[in-house]
Amino acid sequence: MMRIVGSLLLVLLMCGAKATIGKEFNEANLSQLQIGQTTLAEAAKLLGRPADDSQVGQSGAVGHTWTYIQSKSSIWTGNVSSSTKSVMLVFNTNGTFQRIFTLQGIALQPEDMRRLVADSAAAHAASP
């Protein structure tokens, strides 16, 4: 009986594999971020988990990154598929959300893209 179960598991493993890096997060809630108001704790709650990484810029602003990578492969078909979603949110020295710095594999509505990425980046570049 144990040989049958072991053989079945081996066959299932050979049929395909799935690997993930990071933990899924709720990118649909990015549109709820409010420039100058949302804190890191609130952003983590909106996205459903804490950030994976953070980096401090020269101005003292901190970028926090959420990343999720999923890869699937099939030994039978030879197909390999991979998807990545990642976002870096920048928070001012006062601890409030400033802008989305990078966005990969995530689609935002045009008005959210303009508000959270383009307009806020332009305002940041124009400030002394």
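Coordinates for the structure precede this section.
This report concerns the structure included in the present document.

1. What about the overall build of the chain?
Move 1: For the chain, the helix and strand inventory stands at three helices and five strands.
Move 2: Reading the secondary structure of the chain in the N-to-C direction produces α-β-α-β-β-β-β-α.
Move 3: Counting all 128 residues of the chain, 27% fall into the buried class.
Move 4: Considering only contacts in the chain between residues 6 or more positions apart, those separated by 24 or more positions represent 49%.
Move 5: On the chain, roughly 8,300 Å² of surface is accessible, and the fraction owed to carbon and sulfur atoms is 59%.

2. Examining the nonpolar core
Move 1: Counting 17 residues, the largest nonpolar core has Leu30, Leu33, Val87 and Leu89 as its most contacted members.
Move 2: When residues of this core are traced back to their parent elements, those giving at least two are helix 2 (40–47), strand 3 (62–74), strand 4 (80–91) and strand 5 (97–104).
Move 3: Tallying contributions element by element places helix 2 first for this core, with four residues.
Move 4: Among residues more than four places away in sequence, those in contact with Val87 are Phe25, Leu30, His64, Thr65, Trp66, Ile100, Thr102, Leu103 and Ile106.

3. Description of the packing of aromatic side chains
Move 1: Tallied over the entire structure, the rule returns one aromatic pair.
Move 2: Measuring from ring centre to ring centre gives 6.0 Å for Phe91 and Phe97, while their planes differ by 70 degrees; the resulting arrangement is edge-to-face.
Move 3: With relative accessibility at 3%, the residue Phe91 sits in the buried group.
Move 4: Cation over ring: Lys85 sits above Phe25, and NZ or CZ is 4.8 Å from the ring centre.

4. Some remarks on the pairing of strand 4
Move 1: Of the pairings in the sheet, the one linking strand 4 to strand 5 comprises six bridges and is antiparallel in character. By the bridge assignment for strand 5, Val90 is matched with Arg99.
Move 2: In textbook terms, the turn of a hairpin is the stretch between consecutive antiparallel strands, and for strand 4 and strand 5 this stretch comprises five residues, one of which, Gly95, has a positive phi near 90 degrees.

5. Some details on the side chain of Lys85
Move 1: When you line up the elements, Lys85 lands in strand 4.
Move 2: Separated by 2.3 Å, the side chains of Lys85 and Glu27 make a polar contact.
Move 3: What Lys85 contacts, discounting residues up to four positions off in sequence, is Glu24, Phe25, Glu27, Trp66, Thr67, Tyr68, Gln104, Gly105 and Ile106.

Rules used throughout
- Residues numbered from 1 in each chain as written.
- Predicted model: local features only at pLDDT ≥ 70, side-chain atom pairs only at ≥ 80, totals over all residues.
- Heavy atoms only, no water.
- Helix = DSSP H or I, 4+ residues; strand = E, 2+ residues; numbered from the N terminus.
- Buried < 20%, exposed > 50% of the residue type's maximum accessible area, 1.4 Å probe, protein only.
- Contact = heavy atoms within 4.5 Å.
- Areas by Shrake-Rupley, 256 points an atom, 1.4 Å probe, with all protein chains shown as cover.
- Core = buried A, V, L, I, M, F, W, Y, C linked by side-chain atoms within 4.5 Å.
- Phe/Tyr/Trp six-rings, centres within 6.5 Å; stacked < 30°, edge-to-face > 60°.
- Lys NZ or Arg CZ within 6 Å of the ring centre and 35° of its normal.
- Pairing = 2+ DSSP bridges.
- Polar contact = N/O pair within 3.5 Å; in protein donor to acceptor, adjacent residues only side chain to side chain.

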